[in-house]
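The residues making up each chain are set out below.
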Amino acid sequence: MTHPAPTDTRPAVRPAPGTIDDVVAALTSRRIAVLTGAGLSTDSGIPDYRGPDSPPRTPMTYQQFVADDAFRRHYWARNHVGWRHVHRTLPNAGHHALAELEDRGVVVGVITQNVDLLHEAAGSRNVIDLHGRYDRVVCLRCGTVVSRAELAVRLEALNPGFVESIGAVGDIEIAPDADAVISATAHFRVASCWAPAPDGGAGLCGGILKPEIVYFGENVPKERVTRAFALVDAADALLVAGSSLTVMSGLRFVRHAAKAGVPVVIVNRGATRGDDLATLTLDAGTSETLTALADRL
């Protein structure tokens, strides 16, 4: 449901894969910018969209969300269940390894395409949440931002017993970006913005509330993109961890680094759209690879 749609899904030309020793050699004595994707969080129990074992999914677009009451109702019903799963998820060894490497001055910062905040939970400080964050909600009319936890209280009041009526969260399939895979949502009541009316009049705003994340068909804020490019420019190498680079919002940083002659190392299970630009690729899991890098760099 998040991230701009890909403009080109042709398979990349994958170079000969390397080994962990090759990755260590390529990154030794370099200051590293890191770009992460959903594959980094799968070991924390958050599924991805495009991993080798991921089922086909059709994410909601920004246009559907803002234009259709039924789509919004369906989204918020699913999110009302699924966000609880993400909220209680813990960072895994890969997140902790990157935080350790930042503490030692090896990693200059992380650009993440994930919205789960697990980098911050692991202790990483210089994190650019490229596609936003799941724990905040913004009003599309007045711009008021509230916490997802605060919205949960209002949704509970509007929909008493809804979560219990569809079973325990642990028994429900959780989709990426804090959605739960449920179908019976027609009776769900959606909350509108309860901030004061923006025109100074009486009453409440009543605007559409949207998660503060970037949907398919929506652009990443320019200021965020600018900061991410600056992070890549401040590094001596770019490490991609757990991203298929299918969407341009992540791939552009690989293209930028490659054009500037900065080494690009990609660690991912399966081919990525950026493989033809990489100095080195490693077909492996992120938790074990990043842990090994923290031990050896």
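A short note on the environment of H187
Stage number 1. Position of H187 among the secondary structure elements: in the loop between β7 (179-180) and β8 (209-213).
Stage number 2. Taking relative accessible area as the criterion, H187 reaches 52% and is therefore assigned exposed.
Stage number 3. Separated by 25 residues in the primary sequence, H187 and F162 have C-alpha atoms spaced 9.3 Å apart.
Stage number 4. If we skip the residues at most four places from it in the chain, H187 touches N159 and F162.

Points about the sheet that holds strand β11 (residues 280-282)
Stage number 1. Sheet architecture is open: 6 strands sit in the order β3-β2-β1-β9-β10-β11, paired in parallel fashion. Unpaired on one side and paired on the other, β3 (127-129) and β11 mark the two borders of the sheet. Between one strand axis and the next, the sheet turns through 15° on average, direction left out of account.

Examining unusual backbone geometry
Stage number 1. Phi at S29 takes a positive value of approximately 65°, unusual for a residue other than glycine.
Stage number 2. When you line up the elements, S29 lands in the loop between α1 (20-27) and β1 (32-36).
Stage number 3. A positive phi is found at L245, a non-glycine position, where the angle reads about 60°.
Stage number 4. Note on placement: L245 falls in the loop between β9 (237-241) and α9 (248-259).

Points about the state of the cysteines
Stage number 1. Counted under the stated rule, the structure contains 0 disulfides.
Stage number 2. Considering cysteine sulfurs only, C139 is the nearest to C205, which forms no disulfide, with 3.7 Å between them.
Stage number 3. Look at C205 and you get buried, because its relative accessible area is 5%.

Quick word on the pairing of strand β10 (residues 264-267)
Stage number 1. Burial along β10 is two-sided: V264 and I266 facing one way and V265 and V267 facing the other are all buried.
Stage number 2. Alignment of β9 against β10, held across 4 bridges, turns out to be parallel. Directly across from L238, in β10, lies its bridge partner V264.
Stage number 3. Two elements, β10 and β11, share 3 bridges in a ladder whose sense is parallel. Bridging from a neighbouring strand, V267 pairs with L282 of β11.

So, the pairing of β1
Stage number 1. The buried fraction of β1 amounts to 5 of the 5 residues, a majority that puts the element mostly inside the structure.
Stage number 2. Of the two faces of β1, both are covered, the one formed by I32, V34 and T36 as well as the one formed by A33 and L35.
Stage number 3. Pairing between β1 and strand β2 (residues 107-112): 5 bridges, direction parallel. Its bridge partner being in β2, I32 is matched across the sheet by V107.

Here we look at the pattern of salt bridges
Stage number 1. According to the stated counting rule, one finds 9 salt bridges in the structure shown.
Stage number 2. One salt bridge connects R72 with D69, and the closest N-O pair in it is separated by 2.3 Å. Note that R72 and D69 are positioned in helix α3 (residues 69-87) at a spacing of 3 residues, about one turn of the helix.
Stage number 3. When the shortest N-O distance is used, the salt bridge between E288 and R269 registers 3.0 Å. Of the two residues, E288 sits in helix α10 (residues 286-296) while R269 sits in the loop between β10 and β11, which places them 19 residues apart along the sequence.
Stage number 4. Looking at R269, the relative accessible area reads 47%, which means it is partly exposed.

What to know about the confidence of the model for the protein chain
Stage number 1. Mean pLDDT over the protein chain works out to 87, with 85% of the residues at or above the 70 mark.
Stage number 2. In this model residues 1-12 is a low-confidence stretch, pLDDT under 50, and it forms 47 contacts with partners more than four residues away in sequence or in other chains.

Overview of α10
Each turn of an α-helix holds 3.6 residues, which means side chains three or four residues apart point in the same direction.
Stage number 1. Residues T286, S287, T289, L290, L293 and A294 constitute the buried set of α10.
Stage number 2. Where α10 is buried, its residues meet α1, α4 (93-103), β9, β10 and β11.

Section: the side chain of T112
Stage number 1. Within the fold, T112 resides in strand β2.
Stage number 2. At 2.8 Å, the side chain of T112 and the side chain of T36 are in polar contact.
Stage number 3. Excluding residues within four positions of it along the chain, T112 makes contact with T36, H119, V127, I128, D129, L130 and H131.

As for the sheet that holds β8
Stage number 1. An order of β5-β4-β8 is seen for the 3 strands of this open sheet, with the pairing classed as antiparallel. Across the chains shown, the open sheet's two edge strands, defined by having one partner strand only, are β5 (145-147) and β8. For this sheet the average axis-to-axis angle between neighbouring strands, irrespective of direction, equals 40°.
Stage number 2. Pairing geometry for strand β4 (residues 132-139) and β8, over 4 bridges, is antiparallel. Within the sheet, the bridge partner assigned to G132 lies in β8 and is I213.

Rules and cut-offs
Residues numbered from 1 in each chain as written. Predicted model: local features only at pLDDT ≥ 70, side-chain atom pairs only at ≥ 80, totals over all residues. Heavy atoms only, no water. Helix = DSSP H or I, 4+ residues; strand = E, 2+ residues; numbered from the N terminus. Buried < 20%, exposed > 50% of the residue type's maximum accessible area, 1.4 Å probe, protein only. Contact = heavy atoms within 4.5 Å. Pairing = 2+ DSSP bridges. Axes fitted to C-alpha atoms, helices over the stretch in contact; angles between N-to-C directions. Disulfide = S-S within 2.5 Å. Salt bridge = Lys/Arg side-chain N within 4 Å of Asp/Glu carboxyl O. pLDDT = per-residue confidence, 0-100. Polar contact = N/O pair within 3.5 Å; in protein donor to acceptor, adjacent residues only side chain to side chain.

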